[in-house]
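In case you want the letters, here they are:
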Amino acid sequence: MCCPRDAAVEFVRPTHRQRVLRNGVRWMIDVASMDDQLTFSGWALSRTPASAVFLVDGIEVDSVAYPLPSPDVAAAFPGLPEAEACRFHCTHGGRMPPGHVAELEFQPTGRPTPASSATRWWIPSPSGNIPTPPEAHRSRVVQGDDAIRYIIGGATLRGRLGAIVEQFAGRSLASFDRILDWGCGSGRLTQALLATAPPSQEIWGADIDEVNIVWCAHHLTGGHFRRLSLDPPTPFADGMFDLITGVSVMTHLREVDQDRWLADLARIAAPGGLVLLTIQGPAVRALAGMPESMERAVDRRGLLVTGENQQMSVQCDHGTYYVDTFHSHAYVRDRWSRHFDVLDILE
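*Asks:* So what exactly am I meant to see when it comes to helix H8 (residues 255-268) here?
*Replies:* The periodicity of an α-helix, 3.6 residues per turn, causes residues three or four places apart in sequence to face the same way. In this model, H8 (14 residues) spans 20 Å end to end at C-alpha, consistent with the 20 Å of a helix rising 1.5 Å per residue. Of all the residues in H8, the buried ones are Asp257, Gln258, Asp259, Trp261, Leu262, Asp264, Leu265 and Ile268. Of the surrounding elements, those touching the buried residues of H8 are strand S9 (178-182), strand S12 (241-246), strand S13 (269-277), strand S14 (303-308), strand S15 (323-327) and helix H12 (329-335).

*Asks:* In this structure, what is going on with the packing of aromatic side chains? I would like to understand it.
*Replies:* Given two aromatic rings, their pairing is described by the distance between the two centres and the angle made by the two planes. If you walk through the whole model with that rule in mind, you get 14 aromatic pairs. Taking 5.3 Å as the distance between ring centres and 80° as the angle between the ring planes, the aromatic pair formed by Phe54 and Tyr66 counts as edge-to-face. In this pair, Phe54 is assigned in strand S3 (residues 53-56) and Tyr66 in strand S5 (residues 63-69), connecting sequence segments 12 residues apart. Owing to a relative accessible area of 3%, Phe54 belongs among the buried residues under this scheme. Here Trp204 and Phe241 contribute two aromatic rings whose centre-to-centre distance is 6.1 Å and whose plane-to-plane angle is 75°, an arrangement assigned as edge-to-face. Note that Trp204 is positioned in strand S10 (residues 202-207) and Phe241 in strand S12, a separation of 37 residues in sequence.

*Asks:* Looking at this structure, I do not really get unusual backbone geometry. What am I missing?
*Replies:* The peptide bond linking Tyr66 to Pro67 adopts the cis configuration, its omega dihedral lying at 0°. Checked against the element boundaries, Pro67 lands in strand S5. Cis rather than trans, the peptide bond between Pro232 and Pro233 has omega equal to 15°. Tracing the chain through its elements places Pro233 in the loop between strand S11 (224-227) and S12. With a phi angle near 55°, Asp57 is a residue other than glycine that sits in the positive phi range.

*Asks:* How should I be thinking about the sheet that holds strand S1 (residues 27-34) in this particular structure?
*Replies:* Backbone-to-backbone hydrogen bonds pair the strands of a sheet. The strands run either parallel or antiparallel. The four strands are arranged S1-S2-S6-S5 in an open sheet whose pairing can be described as antiparallel. The sheet is open, and its two borders are formed by S1 and S5, each paired with just one other strand. For this sheet, the mean angle separating the axes of adjacent strands, direction not counted, is 15°. Pairing between strand S2 (residues 38-44) and strand S6 (residues 85-92): six bridges, direction antiparallel.

*Asks:* Just checking my understanding: could you explain helix H6 (residues 188-196) for this structure?
*Replies:* Taken as a whole, H6 has its buried residues at Leu189, Thr190, Gln191, Ala192, Leu193 and Leu194. Looking at the buried residues of H6, the elements they touch are helix H5 (147-169), S9, S10, S11 and S12.

*Asks:* Got a minute to help me understand the side chain of Thr91 in this structure?
*Replies:* Mapping Thr91 onto the fold places it in strand S6. Sequence-distant contacts of Thr91, that is, excluding residues within four places in its chain, are made with Gln37, Leu38, Thr39, Val61, Asp62 and Ser63.

*Asks:* Could you clarify how one ought to interpret the side chain of Ser186 in this entry?
*Replies:* In this structure, Ser186 sits in the loop between S9 and H6. For Ser186, a relative accessible area of 2% puts it in the buried group. A distance of 2.8 Å separates the side chain of Ser186 from the side chain of Tyr150, its partner in a polar contact. If we skip the residues at most four places from it in the chain, Ser186 touches Pro133, His137, Arg138, Val141, Tyr150, Asn212, Trp215 and Cys216.

*Asks:* Got a minute to help me understand the sheet that holds S13 in this structure?
*Replies:* Pairing in this open sheet of five strands is parallel, and the strands run S11-S10-S9-S12-S13 from one edge to the other. Edge positions in the sheet fall to S11 and S13, since each has one partner strand and no second. Neighbour to neighbour, the strand axes of the sheet diverge by 20° on average, direction disregarded. Note: S9 against S12, three bridges, orientation parallel.

*Asks:* Mind showing me how you'd approach empty space enclosed by the protein here?
*Replies:* Where empty space is left in the structure can be found by rolling a water-sized probe over the atoms. Evaluation of the coordinates by the stated rule reveals one cavity of 30 Å³ or more. Volume-wise, the largest cavity comes out at about 40 Å³. For the largest cavity, the full set of lining residues is Arg158, Leu173, Ala174, Ile179, Leu193, Thr196, Ala197, Pro198, Gln201 and Ile203. For the lining of the largest cavity, the class distribution of residues is seven nonpolar, two polar and one charged.

*Asks:* How should I be thinking about the nonpolar core in this particular structure?
*Replies:* For soluble globular proteins, nonpolar side chains are generally found buried alongside one another. If you look at the biggest cluster of nonpolar residues, it comprises 31 residues, and the most contacted ones within it are Trp27, Phe40, Phe54, Phe88 and Leu104. Counting only elements with at least two residues in this core, the list comes to S1, S2, S3, S6, strand S7 (101-107) and strand S8 (121-124). Here the element with the most residues in this core is S1; it accounts for five residues. Setting aside residues no more than four positions away along its own chain, Phe40 makes contact with Trp27, Ile29, Val31, Ala32, Phe54, Val56, Val61, Phe88, His89, Cys90 and Leu104.

Rules of the game
Residues numbered from 1 in each chain as written. Predicted model: local features only at pLDDT ≥ 70, side-chain atom pairs only at ≥ 80, totals over all residues. Heavy atoms only, no water. Helix = DSSP H or I, 4+ residues; strand = E, 2+ residues; numbered from the N terminus. Expected span 1.5 Å × (residues − 1). Buried < 20%, exposed > 50% of the residue type's maximum accessible area, 1.4 Å probe, protein only. Contact = heavy atoms within 4.5 Å. Phe/Tyr/Trp six-rings, centres within 6.5 Å; stacked < 30°, edge-to-face > 60°. Pairing = 2+ DSSP bridges. Axes fitted to C-alpha atoms, helices over the stretch in contact; angles between N-to-C directions. Polar contact = N/O pair within 3.5 Å; in protein donor to acceptor, adjacent residues only side chain to side chain. 1 Å grid on protein atoms, 1.4 Å probe; cavity = no way out; pocket = protein on both sides within 12 Å on 5 of 7 lines; lining within 4 Å. Points joined across faces, edges and corners; volume = space filled by probe spheres on them. Nonpolar A, V, L, I, M, F, W, Y, C, P; charged D, E, K, R; others polar. Core = buried A, V, L, I, M, F, W, Y, C linked by side-chain atoms within 4.5 Å.

It is worth stressing that arrangement in space is one thing and function is another; only the former is reported here.
In structure tokens, the structure reads:
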């Protein structure tokens, strides 16, 4: 590369947070409507926005406004150039048929990649009569989500779970005999699993929150629900489940409690079964804007507890049991391998 002798060329290396946001987060849907046509808005990061595409069920959207000014995103992600103009608004098609779940994908470069597949969103048809708990129940486990975002969140969890299972087990969710949604809360994921379960499949939900377990048992037809004690063991038989999910559970437990729950999950998992548990990894920490000093503390310690989780402790009335916990990948591979073969850690 050549340049005038008196010119300065500055090469700026992206920060760790910038790399994580670009590769692990990519885009977020803030608002969606599914009435006369599908519309959705949010922000999406691309260094080449003119090449980027938004897809619904594999087809480019009918209409898209992108990139739009996004001072709020730029303020949240300082130093990330593409955050200055990354908001979008898309419209597509007509009214979705009953039971249809639309699959949304953002391709920052206009080409499909493993990362664009891993960050898809799913939006179910509003005519599917999806049971939705009242706000008071949702707020016990999910903060700040309205009813539509709650439904989209459940469908997206189910869609991404299915993709992970296909990747590591080479089989569909429908092929499992008995699935446990451990820490099901108000049934956000459980409902989406029930919506696509074949007649022979059992879907179970379990949680310590009696209020939400009662609601789920009365409104999520076909599911099996159990209230759990604060401490293991669960009431389930050894090897009962060939697939177990735990969304936002390990992220709120201290190390001693995690170890006990991991041992019990290993007990109730069938031989050769899969257990999928979420952590607050680099992508979540980057999205939340965790200070670099805390990032280093997570890497140094492996597991970092930053304090009591007020929302969960107040709502579920269990004192200081619930905390906010962050894990490093190295910690998970080392500590959790005492109970499981850790196949991978995905962002």
